[in-house]
Amino acid sequence: MMKHLSLFLCLLSLQAPGFSQSTAPLKISEDQHFIVHDNGKPFFWLGDTAWELFHRTNREEADLYLKNRAEKGYTVIQAVILAELDGLTVPSSNGEKPLINNDPAQPDEDYFKHVDYIVDKANELGMFIGMLPTWGDKFNKSWGVGPEVFTPANAYTFGKFLGKRYKDKAIIWILGGDRNPADEEDIEIIRKMAAGIRDEVGQDQLITMHPQGGSNSATWFHEDEWLDLNMFQSGHGQKDNKNYQIAEKLYNLHPTKPVLDGEPAYEDHPINWKAENGWFDEFDSRRAGYWSMLAGACGHTYGNHNIWQMWLPERNPVSQARTPWTQALDYPGAFQAGYMKTFFEFLDWQKMIPNQEIILKGPQGSGMKILAAMAADGSFVLAYTPYGSNFSLDLSQLSGDQISVSWFNPQIGESVKAGTMEKKETMDFDPPSDEKRGNDWVLVVKAM
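Residues numbered from 1 in each chain as written. Predicted model: local features only at pLDDT ≥ 70, side-chain atom pairs only at ≥ 80, totals over all residues. Heavy atoms only, no water.

## Side note on the overall build of the chain
Check the secondary structure of the chain and you find 11 helices and 21 strands. Over its C-alpha atoms the chain spans a radius of gyration of 22 Å, differing by no more than 12% from the 22 Å that the globule rule assigns to 448 residues. The principal-axis extent of the C-alpha atoms belonging to the chain is close to 70 × 45 × 40 Å. Taken across its 448 residues, the chain has 59% of its residues classed as buried. Long-range contacts, defined as pairs at least 24 residues apart, comprise 72% of the intrachain contacts of the chain with a sequence gap of at least 6. Carbon together with sulfur atoms contributes 48% to the accessible area of the chain, which is approximately 17,100 Å² in total. (Helix = DSSP H or I, 4+ residues; strand = E, 2+ residues; numbered from the N terminus. Rg over C-alpha atoms; globule rule 2.2 N^0.38 Å. Buried < 20%, exposed > 50% of the residue type's maximum accessible area, 1.4 Å probe, protein only. Contact = heavy atoms within 4.5 Å. Areas by Shrake-Rupley, 256 points an atom, 1.4 Å probe, with all protein chains shown as cover.)

So this is what it looks like as C-alpha cells:
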C-alpha cells in the first residue's frame, strides 16, 4: 500500500464478539494444533504467571488479582502449589505450610483449603488454573532453595492426591516448574506425577510441562501420551529473543501437538537479570505474543516480573523487582495481552497456518522480523511487523479477486481500515506512521 493512502484511513475500534470465557472441559483439536472446548468451540490460552498466588496471597488479595485478570480477558492463571520462594519452609500468607514434615504424601489440609478457594474463584470468573504441582527445585535443586523432597514413588502419590481433589475443576496441569530434568530419576519423577494425575482425571484435563529458560517440553516428553501440548520458555535472558523459531520447530514436530510459549520476557524484568542492561517493556512482551502466534502457537502467556513473585515493599525483591504487584496489575502489557486475545478471537484464528514464504520483502534485522500466516481456506492473511516496516506479500494463494485491508494496532486494541481494493499477486504494504521500535502493526487482508 502506498503512503498516500494513509490520507483515507479511518480509525475504528475493533468490534469483537462478546466476552467469551468459558470453563467447559478442554480437548485437543482434530488437527492437533490447537485447544478446543468439548463442544468444539476454540479456546485461546491467554495465561498469566502468578507463580506465588497460593503461597503469597490471602483471600482478599487473591480476589483482587483474579478479578483484575478476568476483566482483562485472561483464560489461564499459572500458579504453583509447592512454591518457589521458600514454599515448603516459610508459611503462606494464611500461616500454613503445604506439607507435613515436607512429605509429599502428607499434604496439609488447611493449606489446600486456600488452594481450593482460589481454584473455585478463578473458575467462577471463567478462568482455568494452570496448576503446577511443584516448582522444580523440589526434585532438582540446580539452584533455588529446595529442599528436594520428591521420589518417583511419592511423586505418583502426590499427583494422584491432586488429581482426585481437582478432577472436577477447570484445571490445566503444568509439570516441571522451571526446571529441566537432570537425570533419569528426574524424568521418572515427572512421568510418575503425570501418571498419578492421569489415573484420577482420565482424559478430562490437559497436561503439559514447563521447562527452564531456553528449553522446551518436547526434548524429553514429546512422544509421551500424557503430554497433551508442548510448552517452551523463551525466558528473560536476551533482548529481541526470537521465540518464533522455537514455536515453528515445535509446530512442525510429529506427532503433532499444540505449542505455547509459557514464559516469555516479563514486562518490567531486568534484561538478563541486570538492571544496567535495561528492562523489558510492554513492547517486548506483546511482540513475543504476536511472533509466537504467527509461528503457530495455540495462545500465549503474559508475565510481569513484580506479579509472579507477588512483590510488596515489605518483601525481599527477587531480581530487583521494583513495583508493588497491586500496582503492576495495570501495566500496559497486561491490557495489550487482552487486546491480542480479542483480536484473534474476532477472526477464525484456528484456521491459521504459518506461512513465511509469502513474505517477499521485509527487514531481517534483530527484533524487526516480519511474520505471516494464512488461513487454511485462503480467506485471510495476517502479517505482523514489529517496527512498522514496509514489506511485500505474495497473495496468489488468497481467495477471490477483491480484498479488504486493515491494520490492527496492538498498543491500543483498535483497527485502522484501509478499504477494499483489487487483489494483485504481489502487493506492497506500508503501515501507519514511521518505522521505529514499538510501532508494531498487524496487517489483516481478507478475501471478499
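And the narrative resumes.
## Comments concerning a negative patch on the surface
Taken together, E148, D183, E184 and E185 make up a surface patch of like negative charges. In this structure, E185 sits in helix α5 (residues 184-201). (Patch = residues over 30% accessible without salt bridge, like charges linked within 9 Å, V, L, I, M, F, W, Y side chains within 5 Å. Salt bridge = Lys/Arg side-chain N within 4 Å of Asp/Glu carboxyl O. Lys, Arg positive; Asp, Glu negative; His and termini not counted. Charge placed at Lys NZ, Arg CZ, Asp CG, Glu CD.)

## Overview of unusual backbone geometry
A cis amide bond links G146 with the next residue in sequence, P147, at an omega value of -5 degrees. Note that P147 resides in the loop between β7 (128-134) and α4 (152-166). The omega angle of the peptide bond from H254 to P255 is 0 degrees, so this bond is cis rather than trans. Residue placement: P255 occurs in the loop between α7 (243-251) and β11 (259-261). Residues other than glycine seldom take positive phi values, yet Q320 does so here, at roughly 65 degrees. Turning to its location among the elements, Q320 is positioned in the loop between α9 (305-308) and α10 (325-328).

## Considerations on the packing of aromatic side chains
Summed over the entire model, instances satisfying the criterion amount to 20 aromatic pairs. Each ring, one from F221 and one from W226, has its centre 5.2 Å from the other, and the planes form 55 degrees; the classification is tilted. Side by side, F221 and W226 carry an identical accessibility label, which is buried. Considering the side-chain rings of Y290 and F344, the 6.0 Å spacing of their centres and the 35 degrees angle between planes classify their relative orientation as tilted. With a gap of 54 residues between them, Y290 in helix α8 (residues 282-293) and F344 in helix α11 (residues 332-346) connect regions that are remote in the sequence. Judged by its relative accessible area of 0%, Y290 is buried. (Phe/Tyr/Trp six-rings, centres within 6.5 Å; stacked < 30°, edge-to-face > 60°.)

## Topic: the sheet that holds strand β5 (residues 45-49)
If you walk across this open sheet you meet the six strands as β9-β8-β7-β6-β5-β12, and the pairing is parallel. Edge strands, defined here as strands with exactly one partner in the open sheet, are β9 (207-209) and β12 (299-302). The sheet shows a mean angle of 30 degrees between the axes of neighbouring strands, taken without regard to direction. Where strand β8 (residues 171-175) meets β9, three bridges bridge the pair, whose relative direction is parallel. (Pairing = 2+ DSSP bridges. Axes fitted to C-alpha atoms, helices over the stretch in contact; angles between N-to-C directions.)

## Focus on the environment of C298
Within the secondary structure layout, C298 lies in the loop between α8 and β12. Taking the C-alpha atoms as reference points, C298 and L162, separated by 136 residues in sequence, lie 26 Å from one another. Filtering out sequence-adjacent residues up to four positions away, C298 remains in contact with H33, F34, I35, F43, F44, W45, L229, P258, V259, L260, M293 and W349.

## What to know about the sheet that holds strand β2 (residues 26-28)
The sheet built from three strands is open, its strands ordered β2-β3-β4 with antiparallel pairing. Across the chains shown, the open sheet's two edge strands, defined by having one partner strand only, are β2 and β4 (42-43). Relative to β4, strand β3 (residues 35-37) runs antiparallel, the two being bridged by two bridges. Across the sheet, the residue bridging to V36 is P42, located in β4.

So yeah, pure geometry; function would need other evidence.
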